[in-house]
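What the coordinates show
The primary structure of each chain is shown beneath.
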Amino acid sequence: MKHRVTFFLTLLSIFASSTAAFAQGSDLYKGGIHIPVGQDSSKYIRIILLNQFWAKWTENNPGTVGADGELAEHSFDIGVRRARATVYSQISPRFLIFTQFGINNQTFINGGAPGQGPKKPQMFFHDAWTQYTVVPGVNPLTKETNVFSLDLGMGLHFWNGVSRFSNASVASFMTVDLPVYNFPNIERTDQFGRQYGIFAKGKAGPLDYRFHMNKPFVYSELNQVNEERAVNIPSDKVAWGGYVAYEFLEREGNLLPYRTETYVGSKKVFNLGAGFYHQPEASGILAANATLEKQDHTAWAVDAFLDYPFGVQGMAVTAYSVLYNYNYGTNYYRSVGIMNTASGQTAAPAGFDEAVSVDGFGNAEPLLGTGSIWMTQAGLLLPGDLIGSLGKLQPFARLESKNLDYLDDNVFQTDFGINWFIEGQNAKITLQYGTREVFIRQGSNIISDQRKGQWTLQTQIYI
């Protein structure tokens, strides 16, 4: 009987911490999909389903060629940004198994399976890890919160270092998407933000901590090694990383690794955090004597997160600010174009008075590189009676400043938008307009030449 009571109380605390991670959702979805296991209803398998679809209108970079082979000043697309299924269970109070799979970034022109063009995308595992509780967060007998807790795990995991956004929950975004540079190794030495490794996480008083020792995926650009800037080279070294946040107000659940971007007025949180990531000899550049010089991958960040409800009409302010520093080798630099639907880029033809972008075609833009990035975003949840039973509105803005060694000008990017929470984060629509800078070569310099914009409309449902 004692063991049954212990088990039930421990599992109850686990359930409470897991639902806290989804507290920004609607009461209609509270608890989500649970499948009982056996005759004991406290044993269950939890299933989470998420779909995010984008419709976007993009001002393309100069020289962009569309899907029809013609020069395209702008483009329009509808596609899936994310379609995910998550399954996890903790039948024993000491063990947890977690699996997430799905697809990302399928458009009418790309994202499909090999040989299928844009169609029939291949689902893959985003997460697959197991976890063992060494010291539980709640004493199963007294039901009191332990000052210290510890869980150990291993697998393809998301218990990342560097920043809060490096551990972000895709179901709780405030802006339409992450800025992506929060994953410094994205689709190079990781698998969509994940690496194989061993992690430790838990609480220590007001501190929420997570640390990992990972074995990054090998990514080789040895055939592109040059004297101008460092590129990825194969490395057999392990990577170390971690992130620690001091929780001044309410404690956040940490059963799962995903950090909330906005609680939609359901929680009072103020955290200060710091994190790091380091892998030796993961970049390479040609030295003066034409030999390969190996360089390390190192990143660190400090950040602050505030989510605070106020007033009598359910208003809330959400704010986040972070400073990243990357040292990934001499002049290391990367570009990105999220759901880029262009098919290529031409050299400037006769009569074409614009230089082409060094970042590429479509919506490609500077992502990250050796240097620093500062980002701040904020949103205001408007009074609950503003649109009544139709839901809640939250306007927001994001500002980014990038000082990257490879570029001769700083990068300044902006995003503005509004969330319509129909049923909290469980059912929402987001409209966002963002601007990016276009960089060109001018002699020996790489400078900002002009700005382009993109409208993005996102629909999200998760249960």
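Heads up: the structure comes first, above all this text.
Within each chain, residue numbers correspond to sequence positions counted from 1 in written order. A pLDDT threshold of at least 70 governs which residues receive local features in this predicted model, and a stricter bar of 80 or more applies before side-chain atom pairs are shown or counted, although totals over entire chains, interfaces and linings include all residues. By convention in this description, side-chain values take in all heavy atoms of the structure and omit both hydrogens and water.

Regarding the packing of aromatic side chains
Rules: Between the rings of Phe, Tyr and Trp (Trp by its six-membered ring), a pair exists once the centres lie within 6.5 Å; its type follows the angle of the planes, with under 30 degrees stacked, over 60 edge-to-face, and the other angles tilted. The helix count covers DSSP runs of H or I at least four residues long, the strand count covers runs of E at least two residues long, and both are numbered beginning at the N terminus. Burial classes: relative accessible area under 20% of the type maximum marks a residue as buried, over 50% as exposed, and values in between as partly exposed (1.4 Å probe, protein chains only).
The full count for this structure, using the stated rule, is 23 aromatic pairs. Between Phe158 and Tyr258 the ring centres are 5.2 Å apart and the planes differ by 35°, which places this aromatic pair in the tilted class. Linking Phe158 in the loop between strand S7 (150-157) and strand S8 (195-204) with Tyr258 in the loop between strand S11 (239-247) and strand S12 (269-286), this pair joins segments that are 100 residues apart in sequence. Overall, Tyr258 belongs to the buried group, its relative accessible area being 14%. With 4.9 Å between their ring centres and 45° between their planes, Tyr433 and Trp455 make a pair best called tilted. Pair noted here: Tyr433 is in strand S21 (residues 427-442) and Trp455 is in strand S22 (residues 445-462), with a separation of 22 residues, a long-range link. Trp455 gets classed as partly exposed once you look at its relative accessible area, which sits at 42%. The structure contains a cluster of three or more aromatic residues connected by ring pairs, namely Tyr88, Phe98, Trp129, Phe158, Trp159, Phe183, Phe199 and Tyr258.

Some words on the environment of Val336
Applied cut-off: The criterion used for residue contact is that any of the two residues' heavy atoms lie within 4.5 Å.
With respect to the helices and strands, Val336 occurs in strand S15 (residues 333-336). Residues Val336 and Ile91, spaced 245 residues apart in sequence, show a C-alpha to C-alpha distance of 41 Å. Beyond its immediate stretch of four places on either side in the chain, Val336 contacts Asn363, Ala364, Glu365 and Leu367.

Some points on the environment of Asn403
Checked against the element boundaries, Asn403 lands in strand S19 (residues 392-404). For the pair Asn403 and Ile440, spaced 37 residues apart in sequence, the C-alpha separation works out to 16 Å. Sequence-distant contacts of Asn403, that is, excluding residues within four places in its chain, are made with Thr370, Gly371, Ser372 and Asn410.

Points about unusual backbone geometry
We note that Lys120 has phi near 50°; this positive angle belongs to a residue other than glycine. By the element assignment, Lys120 lies in the loop between strand S5 (95-106) and strand S6 (124-135). On the accessibility criterion, Lys120 (60% relative accessible area) is exposed. Despite not being glycine, Glu281 has its phi angle at roughly 55°, a positive value. By the element assignment, Glu281 lies in strand S12.

Points about the nonpolar core
What tends to happen in soluble globular proteins is that the nonpolar side chains get buried as a cluster. The condition is simple: In this text, buried Ala, Val, Leu, Ile, Met, Phe, Trp, Tyr and Cys residues form a nonpolar core when linked through side-chain atoms within 4.5 Å.
Tyr88, Phe98, Tyr181, Tyr324, Ile373 and Leu407 are the most contacted members of the largest nonpolar core, which has 50 residues in total. Secondary structure elements with two or more residues in this core: strand S2 (40-59), S5, S12, strand S13 (292-310), strand S14 (315-327), strand S17 (365-369), strand S18 (371-381) and S22. Setting aside its immediate chain neighbours within four residues, Phe98 contacts Thr86, Val87, Tyr88, Asp127, Ala128, Trp129, Leu256 and Tyr258.

Everything listed is a geometric property; what it means functionally is a separate question.
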